[in-house]
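# Residue-level structure breakdown
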Amino acid sequence: MTRLSAVGAGMIPLCDGAWLLKGFLLKYEQALLQNLERLTEHSPFRHMVTPGGYRMSVSMTNCGPRGWVTDERGYRYSETDPVTGRAWPDMPALFSQLAQQAASEAGYSDFCPDACLINRYVPGAKLSLHQDKDEQDFTHPIVSFSLGLPATFDFGGRTRRAPVTPYMLEHGDVVVWGGPSRLFYHGIRALKKGHHAQMGSQRINLTFRCAH
Ligand code: SIN
Ligand code: FE2
């Protein structure tokens, strides 16, 4: 089966089931940034600690009914923000609509995210190679938005030792991976110094997931 007729301009295939949608968010950048500001006032960025006791260089927060957290008890989704003791802020309709649209462009209809992890990278921050596997149902893809400074995204395979291919993710790009690539290893290399006109010296990434 081919999806070629549906492939839009700026859609780059990464592997079977995974796509990079270049500049997909650019028209919405102002609205995305305004929403982000509001969300992070409610649930601020914080450096979480891995079960092994390592303080992550990326700072994180969440929006939506569930949020991904890590501490000495492990990785999991939580309906409350452990820092504020309150629910995570609502997922803005614009976020879920754009995530659904991107998923659908990549061939995944019916994507209905209930979690959005928001990662903040400053120069030097990185995310080591990992799988997104704390969700209950792997039939849904992961949809990832990139804003701010460019970063190198390593996209690998089913095992940690599989070779990785590096892709440059820039402001406005979306990556969708699911189906045969849903559990592929991926990571972000240490962010290089720089200045972005809208975002300053940082990169923000949002990953939308169906967690339950
Ligand atoms: C993630 O793997 O959860 C984030 C990837 C990214 O920052 O692009
Ligand atoms: Fe991930």
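Description of the structure in this document. (Residues numbered from 1 in each chain as written. Chains lettered and ligands numbered in written order. Predicted model: local features only at pLDDT ≥ 70, side-chain atom pairs only at ≥ 80, totals over all residues. Heavy atoms only, no water.)

Here we take up the nonpolar core. Formed by 32 residues in total, the largest nonpolar core has its most connected members in Phe 95, Val 143, Phe 145, Leu 147, Val 174, Leu 206 and Phe 208. Listed by contribution, the elements that provide at least two residues to this core are β2 (18–21), α1 (29–42), α2 (93–105), β6 (115–121), β8 (142–148), β11 (174–177) and β13 (203–209). For this core, the element with the highest residue contribution is α2, accounting for six residues. Listed in part, the 29 residues of the second largest apolar core include Ala 125, Ile 142, Val 175 and Phe 184. (Core = buried A, V, L, I, M, F, W, Y, C linked by side-chain atoms within 4.5 Å. Buried < 20%, exposed > 50% of the residue type's maximum accessible area, 1.4 Å probe, protein only. Helix = DSSP H or I, 4+ residues; strand = E, 2+ residues; numbered from the N terminus.)

Time to look at the sheet that holds strand β12 (residues 186–188). Taken together, the four strands give an open sheet; going across it, the order is β7-β12-β9-β10, and neighbouring strands pair in antiparallel fashion. Pairing within the sheet leaves two strands with one partner each, and these edge strands are β7 (127–130) and β10 (165–169). Neighbouring strand axes in the sheet, compared pairwise and without regard to direction, differ in orientation by 20° on average. The sheet contact formed by strand β9 (residues 151–155) and β10 spans five bridges and is antiparallel. For Thr 152, the partnering residue across the bridge sits in β10 and is Met 168. (Pairing = 2+ DSSP bridges. Axes fitted to C-alpha atoms, helices over the stretch in contact; angles between N-to-C directions.)

Before going further, it helps to spend a moment on the site of ligand 1. Close to ligand 1 lie Asn 119, Tyr 121, Leu 127, His 130, Ser 144, His 186, Ile 188, Arg 203, Asn 205 and Arg 209. When isolated, ligand 1 has an accessible area of 260 Å², and the protein chains bury 98% of it. Elements represented by at least two residues in the shell around ligand 1 include exactly β6, β7, β12 and β13. Considering every element that reaches the shell around ligand 1, the biggest residue donor is β13, with three residues. For the shell around ligand 1, a count of residues per class yields three nonpolar, five polar and two charged. (Near = heavy atom within 4 Å. Areas by Shrake-Rupley, 256 points an atom, 1.4 Å probe, with all protein chains shown as cover. Nonpolar A, V, L, I, M, F, W, Y, C, P; charged D, E, K, R; others polar.)

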